[in-house]
Amino acid sequence: VVRLFLWWKGEVDVDLSAVGVSKDYRQTDTCNYMSLGLKEAGMVHSGDLVNAPQGAAEFIDVHLDRLNSQTRYVVLAANVFSGPAFSKLKECFVGWQERSANTQKGEIMEIKTVANKFQVTAPTKGFVGAVFDVKERRLLWLDLPFNSSIGFSIHGSMRDIVAAVEEFQLYA
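Owing to the predicted nature of the structure, the values given are computational and were not obtained by experimental measurement.

Caption draft 1: Fine view of the confidence of the model for the protein. Put simply, the protein has an average pLDDT of 78, and 76% of its residues get 70 or more. Of all the helices and strands in the protein, helix α1 (residues 158–171) carries the lowest mean pLDDT, 69, while strand β2 (residues 13–21) carries the highest, 88.

Structure representation (structure tokens):
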């Protein structure tokens, strides 16, 4: 299990999303605040938090063995649903950690398993943070900001997702 996470602080609604993409750039899996009840899926969202004055986290557990068989890449994205751009937030981090489905079940965050994180300071309301290659078990940080007055929505944004995967392949 790979856990993708978003941690932020501020009176703002920030959302974490992930999308699965096949090797020929078709969308295969989607996980965001609109797919909260899908426990049997390959990606499971922790829940939609809409305000974090003391700090909060959303995460997506990616169960590699349950992904659509056509999924080659998982793309990590985030957007500000309501509020200022990422650069105006008090704090905002995205990252990933490896988890054991058996020994860490139900644990919200195990800091010692955090593989990497970075601070989000984009002057935009949306970005693609990373692409995970499911087959090769590699992750590439991209931090690709997207300009949008209403935030970045993973739905209907496959052009941006494909660009992120192509960027990944350049550096792979």
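Anyway, onward from the coordinates.
Caption draft 2: Looking closely at the pattern of salt bridges. Tallied over the full model, the rule gives four salt bridges. Residue R72 pairs with D133 through a salt bridge whose shortest N-O separation is 2.8 Å. Of this pair, R72 sits in the loop between β5 (52–62) and β6 (73–82) while D133 sits in strand β9 (residues 126–133), and the two are 61 residues apart along the sequence. The network of salt bridges with common partners includes R72, D133 and R138.

Caption draft 3: Fine view of the nonpolar core. Ranked by size, the top nonpolar core spans 31 residues in total, and within it L4, L6, V14, M43, V62, V74 and F86 carry the most contacts. Of all elements in the fold, only β1 (2–10), β2, β5, β6, β7 (91–98) and β9 reach the threshold of two or more residues within this core. Excluding anything up to four places from it in sequence, V14 contacts L6, W8, L49, E58, N79, V80, F86 and L89.

Caption draft 4: Highlighting the sheet that holds β9. In space, the five strands of this open sheet follow the order β3-β2-β6-β9-β10, with antiparallel pairing throughout. Unpaired on one side and paired on the other, β3 (27–31) and β10 (138–146) mark the two borders of the sheet. Strand-to-strand, the axes of this sheet are offset by a mean angle of 20 degrees, without reference to chain direction. Bridge count between β6 and β9: seven bridges; the pairing is antiparallel. Each bridged residue has a counterpart across the sheet, and for A77 the counterpart in β9 is V128.

Caption draft 5: Region of the structure containing the environment of N51. Looking at the secondary structure, you find N51 in the loop between β4 (43–45) and β5. Taking the relative accessible area as the measure of exposure, N51 reaches 41% and is therefore partly exposed. Sequence separation of N51 and G83 is 32 residues, and the distance between their C-alpha atoms is 9.9 Å. Once you skip the residues sitting within four places of it in the chain, N51 turns out to touch G10, E11 and V12.

Caption draft 6: Expanded view of the pairing of β7. A large share of β7 lies buried, amounting to six of its eight residues. Relative to β7, β1 runs antiparallel, the two being bridged by eight bridges. Of the residues in β7, the one forming a bridge with R3 is Q97.

Caption draft 7: Quick look at the packing of aromatic side chains. In the structure shown here, the tally under the stated rule is three aromatic pairs. Here the aromatic rings of W7 and F93 are separated by 6.4 Å at their centres, their planes lie at 45 degrees, and the arrangement is tilted. You can see W7 sitting in strand β1 and its partner F93 sitting in strand β7, a full 86 residues away along the chain. Note on F93: relative accessible area 16%, which makes it buried. Ring plane angle 85 degrees and centroid distance 5.1 Å describe the contact between F86 and F127, whose orientation is recorded as edge-to-face. With F86 in the loop between β6 and β7 and F127 in strand β9, this pair connects stretches of sequence that are 41 residues apart. The exposure classification of F86 matches that of F127, with both residues buried. Among the aromatic residues, ring-to-ring pairing joins F86, F118 and F127 into one connected group. Over the aromatic face of F59 sits the side chain of R3, whose NZ or CZ is 3.4 Å from the ring centroid.

Reading guide: rules and limits
Residues numbered from 1 in each chain as written. Predicted model: local features only at pLDDT ≥ 70, side-chain atom pairs only at ≥ 80, totals over all residues. Heavy atoms only, no water. pLDDT = per-residue confidence, 0-100. Helix = DSSP H or I, 4+ residues; strand = E, 2+ residues; numbered from the N terminus. Salt bridge = Lys/Arg side-chain N within 4 Å of Asp/Glu carboxyl O. Core = buried A, V, L, I, M, F, W, Y, C linked by side-chain atoms within 4.5 Å. Buried < 20%, exposed > 50% of the residue type's maximum accessible area, 1.4 Å probe, protein only. Contact = heavy atoms within 4.5 Å. Pairing = 2+ DSSP bridges. Axes fitted to C-alpha atoms, helices over the stretch in contact; angles between N-to-C directions. Phe/Tyr/Trp six-rings, centres within 6.5 Å; stacked < 30°, edge-to-face > 60°. Lys NZ or Arg CZ within 6 Å of the ring centre and 35° of its normal.

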